[in-house]
Amino acid sequence: MESKEMIEQDIIVSTNKEYEKVIREGIKSFNNKNHPEHSIFQIYREKGYDDPFGFYALLDNQIIGGIIAHKKMQWLDIDILYVNENFRENKIGSHLINKAIEYCKEEELVGIHLYTLDFQAKGFYEKKGFKLIAEIKDWPKGITRCEFIKYIDNDNIQY
């Protein structure tokens, strides 16, 4: 069904799982043929994210902050970093990020990737050496979504 000329087609919106399966299998096949580390891509496409796990700050057996993350394609993806408002001036966020960096070194991960909103922790991540790689304004309207990365072996990385 390969064709270089324009063809008439229908475009539909659907939740059909069989349609989804065709697309997932198609990208899996394409990636496996074209990506230099296709075995990594294959594992990712078959398994998806590693199960989420966390780094937690405890005080008197109470959670006062934490990171929820998962490994993805040799990166640590941080989904959530939260510190209870009563403890935000105690460097708990910094200790959590330092623990995540230590974990990345132990697991030989490339780096850390995350999103935050401009009213959340943009300045915090910049102070911790994360590189802002993208901003999407009005995500939602009036708010900017910020995407950050931090390579673990900074000596070999040029931004």
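Structural notes, computed from the coordinates. As the structure is a prediction and not an experimental result, all values here were calculated from the model.

A short note on a nonpolar patch on the surface
Nonpolar side chains collect at one region of the surface, where Tyr56, Leu58, Ile63, Ile68, Ile80 and Tyr82 lie side by side and expose about 610 Å² of accessible area between them. Mapped onto the elements of the fold, Tyr56 is located in strand E1 (residues 53-59).

Focus on the pairing of strand E2 (residues 62-72)
As paired elements, E1 and E2 share seven bridges and run antiparallel to each other. Bridging from a neighbouring strand, Tyr56 pairs with Gly66 of E2. Counting the residues that bridge the hairpin from E1 to E2 gives two residues, and of these Asp60 lies at a positive phi of roughly 50°. Bridge analysis of E2 against strand E3 (residues 75-83) gives eight bridges, and the strand direction is antiparallel. Bridge pairing links Ile68 to Ile80 in E3. Turn length for the E2-E3 hairpin, with the two strands adjacent in sequence and antiparallel, is two residues, and the turn residue Met73 shows positive phi of about 55°.

As for the layout of surface pockets
In this structure, the largest pocket encloses a volume near 660 Å³. Mapped by element, the contributors of at least two residues to the lining of the largest pocket are E3, helix H3 (92-107), strand E4 (111-117) and helix H4 (122-127). Among the elements that line the lining of the largest pocket, the one with the most residues is E3, at seven residues. Among the residues forming the lining of the largest pocket, the class breakdown is 11 nonpolar, six polar and six charged.

Some thoughts on the side chain of His70
Within the element layout of this structure, His70 appears in strand E2. At 3.0 Å, the side chain of His70 forms a polar contact with the side chain of Asp79.

Describing the pattern of salt bridges
Side chains that carry opposite charge are capable of pairing whenever their charged atoms lie near each other. Summed over all chains, the structure comprises five salt bridges. The network of salt bridges with common partners includes Lys122, Glu135 and Lys137.

Some points on the packing of aromatic side chains
For the structure shown, the criterion picks out seven aromatic pairs. Measuring from ring centre to ring centre gives 5.3 Å for Trp75 and Tyr151, while their planes differ by 65°; the resulting arrangement is edge-to-face. On the criterion of sequence distance, the pair formed by Trp75 in strand E3 and Tyr151 in strand E6 (residues 145-151) is long-range, its members being 76 residues apart. The exposure class of Trp75 is buried, given its relative accessible area of 17%. Overall, the relative accessible area of 21% leaves Tyr151 in the partly exposed class. With a centroid separation of 5.8 Å and 40° between ring planes, the pair formed by Tyr125 and Phe148 is classed as tilted. Note that Tyr125 is positioned in helix H4 and Phe148 in strand E6, a separation of 23 residues in sequence. Each member of the pair, Tyr125 as well as Phe148, carries the same accessibility label: buried.

Let's talk about the sheet that holds E1
Pairing in this open sheet of six strands is mixed, and the strands run E1-E2-E3-E4-E6-E5 from one edge to the other. Among the strands making up the open sheet, the edge pair consists of E1 and strand E5 (131-136). For this sheet, the mean inter-axis angle between neighbouring strands, taken without regard to orientation, is 25°. Bridge analysis of E4 against E6 gives seven bridges, and the strand direction is antiparallel. Of the residues in E6, the one forming a bridge with Leu114 is Phe148. Taken strand by strand, H3 contacts E1, E2, E3, E4 and E6, and its axis lies near 160° from that of E3.

Thresholds, definitions, all that
Residues numbered from 1 in each chain as written. Predicted model: local features only at pLDDT ≥ 70, side-chain atom pairs only at ≥ 80, totals over all residues. Heavy atoms only, no water. Patch = residues over 30% accessible without salt bridge, like charges linked within 9 Å, V, L, I, M, F, W, Y side chains within 5 Å. Areas by Shrake-Rupley, 256 points an atom, 1.4 Å probe, with all protein chains shown as cover. Salt bridge = Lys/Arg side-chain N within 4 Å of Asp/Glu carboxyl O. Helix = DSSP H or I, 4+ residues; strand = E, 2+ residues; numbered from the N terminus. Pairing = 2+ DSSP bridges. 1 Å grid on protein atoms, 1.4 Å probe; cavity = no way out; pocket = protein on both sides within 12 Å on 5 of 7 lines; lining within 4 Å. Points joined across faces, edges and corners; volume = space filled by probe spheres on them. Nonpolar A, V, L, I, M, F, W, Y, C, P; charged D, E, K, R; others polar. Polar contact = N/O pair within 3.5 Å; in protein donor to acceptor, adjacent residues only side chain to side chain. Phe/Tyr/Trp six-rings, centres within 6.5 Å; stacked < 30°, edge-to-face > 60°. Buried < 20%, exposed > 50% of the residue type's maximum accessible area, 1.4 Å probe, protein only. Axes fitted to C-alpha atoms, helices over the stretch in contact; angles between N-to-C directions. Contact = heavy atoms within 4.5 Å.

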